[in-house]
Amino acid sequence: MNASALEAPGAEDDEAPDASCELREATVPAALHQHRLDKALAQLVPEFSRSYLQQLLAQGAVTVDGQTAGKPAQKVHAASRVVVEMRPTQQSQAFKPENLPLDVVHEDEHLLVVNKPAGLVVHPAPGNWSGTLLNALLGRDAQAAQVPRAGIVHRLDKDTSGLMVVARSRAAMDALVRMIAAREVSRQYLALGWGAWRGPAQRRVEAAIGRDPRQRLRMAVVDLALHPGKPARTDFQLLDGTEQACLVRCTLHTGRTHQIRVHMASLGHPLVGDGLYGGAAGAGLQRQALHAYRLAFMHPMTGQALECLAEPPPDMGAACEMWGLRYNALPGAA
């Protein structure tokens, strides 16, 4: 039997397989004699990723000649019988509908605008395979399953609150992706930074962002001649300030990872609660004080102007009140 051929388990199996799992059986060919088990599995069951097969090994879902195999480095022998129980993993089960509350600011047949709370992860990822915005979208609308990533076209960090646009059809999704790339979607944020604002009330930061060469888990302003990165531009306008903190409107012109957080830190005003970029917690805020309050664009299917606003959540509102920072009516476009 060649390495890619797979058999259905025979009637000689001592136990009936779990009806919820699929069993894969293969005979080790001579070409794989004395190979590591994990490498042999990658060839015997090539349609599944190595990481998935390694998870199955760790779970005891692989047997060799009837004995449970738990070590990836175990050697296999020609003609040995390998059985793999294709158990569902957290990752394989991630794209499932869940009945989670959503604050929908705008809805039509083509798109949604939702007000994401702080703490909600946008897309399933390691450590957050469920309870995400994607799961909530799938649970709210069966149509979302027909659109890649349930219609998500941009993201907010887990601990950033505010407005996001979500497509409800492939046509709307493709159009929104093009519009975001062409910078035709206007996005404004409210940010609460540490310290008295420095310099003019309106400032523009054009500084490339890439992986911090000293700490790869965070981003940083980088010199493109020395480090990889991408150009980034943010406009800032001071709304109110004290000696302790400043309330700033931020307008994104590019959408780099952690862009506002990095640019604010580069100005000497790390966000309140943003420990990753030097901002201590304060005024009851344990998460970065950043809220996407305004989203404006021409509707991709109807051509009508659409503007959505969302008041800052209670934690940011309470912090502003504690420090005497006023935002009153939400400011519009720059």
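In this convention, every chain numbers its residues from 1, walking through the sequence in written order. Since the coordinates come from a predicted model, pLDDT governs what is reported: local features require at least 70, and pairs of side-chain atoms require 80 or more to be given and counted, while whole-chain, interface and lining totals use all residues. Excluding hydrogens and water, the side-chain values take into account all heavy atoms of the structure.

J.: Would you explain the pairing of strand E13 (residues 245–252) in this entry?
T.: The two faces of the sheet receive side chains in turn, since in a regular strand these alternate between them. Each residue is assigned to one of three classes by its accessible area relative to the maximum for its type, calculated with a 1.4 Å probe on protein chains only: buried under 20%, partly exposed between the two thresholds, exposed over 50%. Strands here are runs of E lasting at least two residues and helices are runs of H or I lasting at least four, both read from the DSSP assignment and numbered beginning at the N terminus. Taking burial as the measure, the eight residues of E13 include eight buried ones, the bulk of the element. Pairing of strand E8 (residues 186–194) with E13 involves eight bridges; the strand directions are antiparallel. Counted as the bridge partner of Leu 190 is Arg 249 from E13. When strand E12 (residues 233–241) meets E13, the two strands line up antiparallel, connected through seven bridges. The residue bridging Asp 240 from the neighbouring strand is Leu 247, located in E13. The rule for pairing is simple: two strands pair if DSSP sees at least two bridges between them.

J.: Would you mind going over the nonpolar core with me for this structure?
T.: The nonpolar side chains of a soluble globular protein tend to be buried, and buried together. Buried Ala, Val, Leu, Ile, Met, Phe, Trp, Tyr and Cys residues that are joined via side-chain atoms within 4.5 Å together make up what is termed a nonpolar core. Counting 30 residues, the largest nonpolar core has Leu 133, Tyr 189, Phe 236 and Ile 260 as the members making the most contacts within it. The set of elements that each furnish at least two residues to this core consists of strand E6 (111–116), helix H3 (133–140), strand E7 (161–167), E8, E13, helix H5 (259–266) and strand E14 (290–298). Residues lining this core come from more than one domain, with at least three contributed by each of domain 2 (93–182) and domain 3 (186–323). Sequence-distant contacts of Ile 260, defined by excluding residues within four places in its chain, comprise Tyr 189, Thr 234, Phe 236, Cys 250, Leu 252 and Leu 290. Within the second largest apolar cluster, 20 residues are counted, among which are Ala 40, Leu 41, Ala 69 and Val 84. Residue ranges assigned to the domains are those given by an automatic or database domain assignment. Note on definitions: a residue-residue contact is assigned when non-hydrogen atoms from the two residues lie within 4.5 Å.

J.: It is not clear to me how the domain arrangement of the chain should be interpreted in this structure. Could you clarify?
T.: One frequently used descriptor of interface size is the decrease in accessible area upon assembly of the parts. One can read the domain layout of the chain as domain 1 (25–87), domain 2 (93–182) and domain 3 (186–323). Relative placement of domain 1 and domain 3: their C-alpha centres are 49 Å apart.

J.: I would appreciate a short explanation of the UniProt feature "active site" (unreviewed entry) in the chain in the present structure.
T.: UniProt positions are given in the numbering used here, feature names are shortened, and annotations may be inferred rather than shown by experiment. This chain's UniProt record puts "active site" (unreviewed entry) on Asp 157. On the secondary structure map, Asp 157 appears in the loop between H3 and E7. Beyond its immediate chain neighbours, meaning those up to four positions away, Asp 157 contacts Lys 116, His 258, Arg 261 and Gln 288.

J.: Hey, could you run me through the pattern of salt bridges in this one?
T.: If the charged atoms of two oppositely charged side chains come close together, the side chains can form a pair. Salt bridge, as used here: a side-chain nitrogen of Lys or Arg that lies within 4 Å of a carboxyl oxygen of Asp or Glu. Inspection of the entire model under this criterion finds 15 salt bridges. Residues Arg 218 and Asp 212 are paired through a salt bridge, measuring 2.9 Å at the closest nitrogen-oxygen approach. Just as Arg 218 is buried, Asp 212 falls in that class too.

J.: So what exactly am I meant to see when it comes to H5 here?
T.: Residues that lie three or four places apart on an α-helix share one face, since the helix turns once every 3.6 residues. Along H5, six of the eight residues are buried, which leaves the element largely enclosed by surrounding structure. Listed in full, the buried residues belonging to H5 are Gln 259, Ile 260, Arg 261, Val 262, His 263 and Met 264. Two residues or fewer after H5 comes Gly 268, characterised by a positive phi angle close to 90 degrees.

J.: So what exactly am I meant to see when it comes to the sheet that holds strand E1 (residues 22–27) here?
T.: Sheets are built from strands paired through backbone hydrogen bonds, the pairs being either parallel or antiparallel. Reading across the sheet, the four strands line up as E1-E4-E2-E3 and stay open at both edges, with antiparallel pairing between neighbours. The open sheet is flanked by E1 and strand E3 (67–68), the only strands paired with a single partner. With six bridges connecting them, E1 and strand E4 (residues 81–86) associate as antiparallel partners. By the bridge assignment, Glu 22 is partnered in E4 with Met 86.

J.: Just to check I follow, could you spell out the side chain of Asn 115 for this structure?
T.: In this fold, Asn 115 is placed in strand E6. Its relative accessible area of 17% is what places Asn 115 among the buried residues. In this view, Asn 115 contacts Asp 103, Val 105, Gly 162, Leu 163, His 291 and Ala 310; residues no more than four positions away in its chain are not counted.

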